[in-house]
Amino acid sequence: MTITLPSHVAYALQQLNNNGHEAYVVGGCVRDTLMGCEPNDWDITTNALPEEIIEVFAVHRVIPTGIQHGTVTVLVENKPLEITTYRVDGEYSDNRHPDSVSFTRNLRDDLQRRDFTINAMAYHPTVGIIDHFSGLADLDNRQIVCVGDPEKRFTEDALRILRALRFSAQFGFSIEKMTAKAIHKLAPLLRRIAAERVQSELVKLLCGENVRDVMLTFSDVFSVILPEIAPTIGLEQSNPYHFLSVYEHIVETIAAVEAKPILRLTMLFHDSGKPACYTRDENGIDHFTGHAAVSAAIAEQALTRLHFDRATIDATKKLIIHHDDDLFPIDHALKRILNRMGPERALDLVEIQRADVYGQHPDKLDRIQMLDCIAARLRELIDQGVCFSIRDLAINGDDLMSIGYSADKQLGDTLQTLLELVMSDQLPNERASLLRYAKKLK
């Protein structure tokens, strides 16, 4: 089996070999290439010690990024390559990082410390694939299997639990029985993992094609990393619009929406406020009045805790607050949506409503056709450059001051009045007409 290596990677292997050292590409780059995907990074493992790696690449820029753990970064053809000495990890007292590492001259020792069999393969052009732990078979069988004892692997580094779910969601792989059992047992260890690391894995997981099966099978794991949505699990909805529990509905909508982080985060939290808003009327019908605002507040709390950036938090909140708004294919109504949301978020709002319908009772699917019409008309209005914001008006505050307006509030109120008239087609967006009307308002 042959893997075509980029020139800078092949050069680095050759340089190490020419200086008497073993060297292999290893891990995710081998896995991705065997799956027919372009690797994001190429990592090299070698029996050369860190100081020997530095000596081999003396004419190159070398950055001692993790030299205490045997890793140096070498710039070859202006591309960074991480080169790491074969190593054996010590104890993991924090369930995340080894307390110490020791270097070894044995490749198998290095591969044995890795998380999953599909990530524990190495490759050299003259040697071929080194596969001590049946990674090739597990790739063929499309399954995630820990190297060695799953409980030991996850206790060493609890983030591996999320990585297993993320790989399952991204690749559509199943999770082997003993590996899955250990995930369920050790999920509480995820509370010790840094928020930034959870965030990174969560976003990739949510955007995976197999996210639906992963979230349904491992709801207990999501309860640990997202305690804000735990109350939705098992909460049934006796309601004409729903036949699924709140959590099941959330999962269906995540899988139904486009795999953009903002959209999938929105669906993750859009109904998270329902447990707090639950009531049942005298006819046995469940209601969740006001849940959109409560869900938006929950989303802000969770996303802030996971250290998401402010722009992502604000966009997600905005979409959640408006996710139940009534949308109609009427131009003046669509212009108000554009005014309220902006073009990108207005189109996103239609997409999340479409996903919401797919998670509801099947007899509600007739709304999809209307949402398609709304999306198409929104795009037309955007392309036509219609006026839907104050900055689109043919006049501005300076023009109003030129006819006698002065106070900032007076300027703002007048421009808003003119915008409302333009959006409702009661007034053309023309300078002369707008000024003439403004004089009447003064």
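Keep in mind it's a predicted model, so treat the numbers as computed, not measured. Each chain has its residues counted from 1, running along the sequence as written. Selection of residues for local features in this predicted model requires a pLDDT of at least 70, selection of side-chain atom pairs for listing and counting requires 80 or more, and totals for whole chains, interfaces and linings are taken over all residues. Where side-chain values are given, they derive from all heavy atoms of the structure, hydrogens and water being excluded.

*Asks:* Any details on the sheet that holds strand β9 (residues 128–130)? Residues and values, ideally.
*Replies:* One open sheet accounts for seven strands, arranged β3-β4-β5-β2-β1-β8-β9; its pairing is mixed. Here the strands that pair on one side only, and so sit at the sheet edges, are β3 (62–66) and β9. Here the strands of the sheet are splayed against their neighbours by 35° on average, with no regard to which way each runs. Two strands qualify as a pair provided DSSP detects at least 2 bridges between them. Helix and strand definitions here come from DSSP, where helices need a minimum of 4 consecutive H or I residues and strands a minimum of 2 consecutive E residues; each element is numbered from the N-terminal end. The pairing of strand β2 (residues 43–46) with strand β5 (residues 79–85) spans four bridges and is classified as parallel. Its bridge partner being in β5, threonine 45 is matched across the sheet by threonine 84. Here, residues are in contact when the closest pair of their heavy atoms is within 4.5 Å. Note on geometry: axes are lines fitted to C-alpha atoms, helical ones only across the stretch in contact, with angles between N-to-C directions running from 0 to 180 degrees. Packed onto the sheet, helix α1 (residues 7–18) meets β1 (23–26), β2, β4 (71–76), β5 and β8 (122–124) and runs at close to 150° relative to β1.

*Asks:* Could you give an account of the layout of surface pockets, naming the residues involved and the relevant values?
*Replies:* Quantified by volume, the largest pocket comes out at close to 1500 Å³. Grid points spaced at 1 Å and placed over the protein atoms alone form the basis of the search, with a cavity being a set where a 1.4 Å probe fits but cannot get out and a pocket an open set showing protein on both sides within 12 Å along at least five of seven lines. Lining residues have an atom within 4 Å of a point. What lines the largest pocket is a set of 43 residues, among which Gly28, Asp43, Glu82, Arg114 and Arg163 lie closest to the centre. It is helix α7 (residues 159–171) that contributes the most residues to the lining of the largest pocket, seven residues altogether. The nonpolar class holds Ala, Val, Leu, Ile, Met, Phe, Trp, Tyr, Cys and Pro. Asp, Glu, Lys and Arg form the charged class, and all remaining residues, Gly among them, are polar. Each residue belonging to the lining of the largest pocket can be placed in one class, and the counts come to 12 nonpolar, 12 polar and 19 charged. Grid points are joined across faces, edges and corners, and a volume is the space filled by probe spheres set on the points.

*Asks:* Could you give an account of the nonpolar core, with specific residues and numbers?
*Replies:* By nonpolar core is meant a set of buried Ala, Val, Leu, Ile, Met, Phe, Trp, Tyr and Cys residues that side-chain atoms within 4.5 Å join together. Under the scheme applied here, a residue whose accessible area is under 20% of the maximum for its type counts as buried, over 50% as exposed, and between as partly exposed, the area being computed with a 1.4 Å probe on protein chains only. Counting residues in hydrophobic clusters, the biggest one holds 126 residues, and the most contacted among them are Val25, Ile44, Phe222 and Phe269. No other element matches the eight residues that α7 contributes to this core. Discounting residues that sit within four places of it in the chain, phenylalanine 269 has contacts with Leu226, Ile229, Ser295, Ile298, Ala299, Ala302, Leu303 and Ile320. Of all hydrophobic cores here, the second largest spans 10 residues; its members include Val26, Ala120, Ala122 and Phe133.

*Asks:* For the packing of aromatic side chains, give the residues involved together with the corresponding values.
*Replies:* Here a Phe, Tyr or Trp ring, Trp counted by its six-membered ring, pairs with any other such ring whose centre lies within 6.5 Å, and the pair is stacked when the planes are under 30 degrees apart, edge-to-face when over 60, and tilted otherwise. This model, assessed by the stated rule, comprises five aromatic pairs. Ring geometry for phenylalanine 116 versus phenylalanine 167: centroids 6.0 Å apart, planes at 90°, classification edge-to-face. Here phenylalanine 167 lies in helix α7 and phenylalanine 116 lies in the loop between α4 (107–112) and β8, a separation of 51 residues in the sequence. For the residue pair phenylalanine 116 and phenylalanine 167, the accessibility class agrees, reading buried in each case. Between tyrosine 278 and phenylalanine 288, the ring centres sit 5.9 Å apart and the planes meet at 45°, which makes this aromatic pair tilted. Here phenylalanine 288 lies in the loop between β13 (286–287) and α15 (291–305) and tyrosine 278 lies in the loop between α14 (274–277) and β12 (279–280), a separation of 10 residues in the sequence. Judged by relative accessible area, tyrosine 278 falls into the partly exposed class, the value being 33%. Owing to a relative accessible area of 8%, phenylalanine 288 belongs among the buried residues under this scheme.

*Asks:* Run through the side chain of histidine 124, naming residues and quoting values.
*Replies:* Inspection of the secondary structure puts histidine 124 in strand β8. The exposure class of histidine 124 is buried, given its relative accessible area of 9%. Within the local environment of histidine 124, its side chain forms a polar contact with the side chain of asparagine 17, the two groups lying 2.7 Å apart. Residues within four places of histidine 124 in sequence aside, it is in contact with Leu13, Asn17, Ala23 and Tyr24. Here a polar contact means two N or O atoms within 3.5 Å. Within protein one must be a hydrogen donor candidate and the other an acceptor candidate, and residues neighboring in sequence count only if both atoms are side-chain atoms.

*Asks:* Give me the pattern of salt bridges: which residues, what numbers.
*Replies:* For this analysis, a salt bridge means a side-chain nitrogen from Lys or Arg found within 4 Å of a carboxyl oxygen belonging to Asp or Glu. Summed over the entire model, instances satisfying the criterion amount to 32 salt bridges. Aspartate 89 serves as the salt-bridge partner of arginine 113, at 3.8 Å between the closest nitrogen and oxygen. On the criterion of sequence distance, the pair formed by arginine 113 in the loop between α4 and β8 and aspartate 89 in strand β6 (residues 87–89) is long-range, its members being 24 residues apart. Each member of the pair, arginine 113 as well as aspartate 89, is classed as buried. A salt bridge links lysine 335 to aspartate 425; the nearest nitrogen and oxygen atoms lie 3.2 Å apart. Residue lysine 335 is found in helix α17 (residues 331–341), and its partner aspartate 425 is found in the loop between α21 (408–423) and α22 (431–441); the two are separated by 90 residues along the sequence. When salt bridges that share partners are traced, they join Arg87, Asp89, Asp110, Arg113 and Arg114 into one network.

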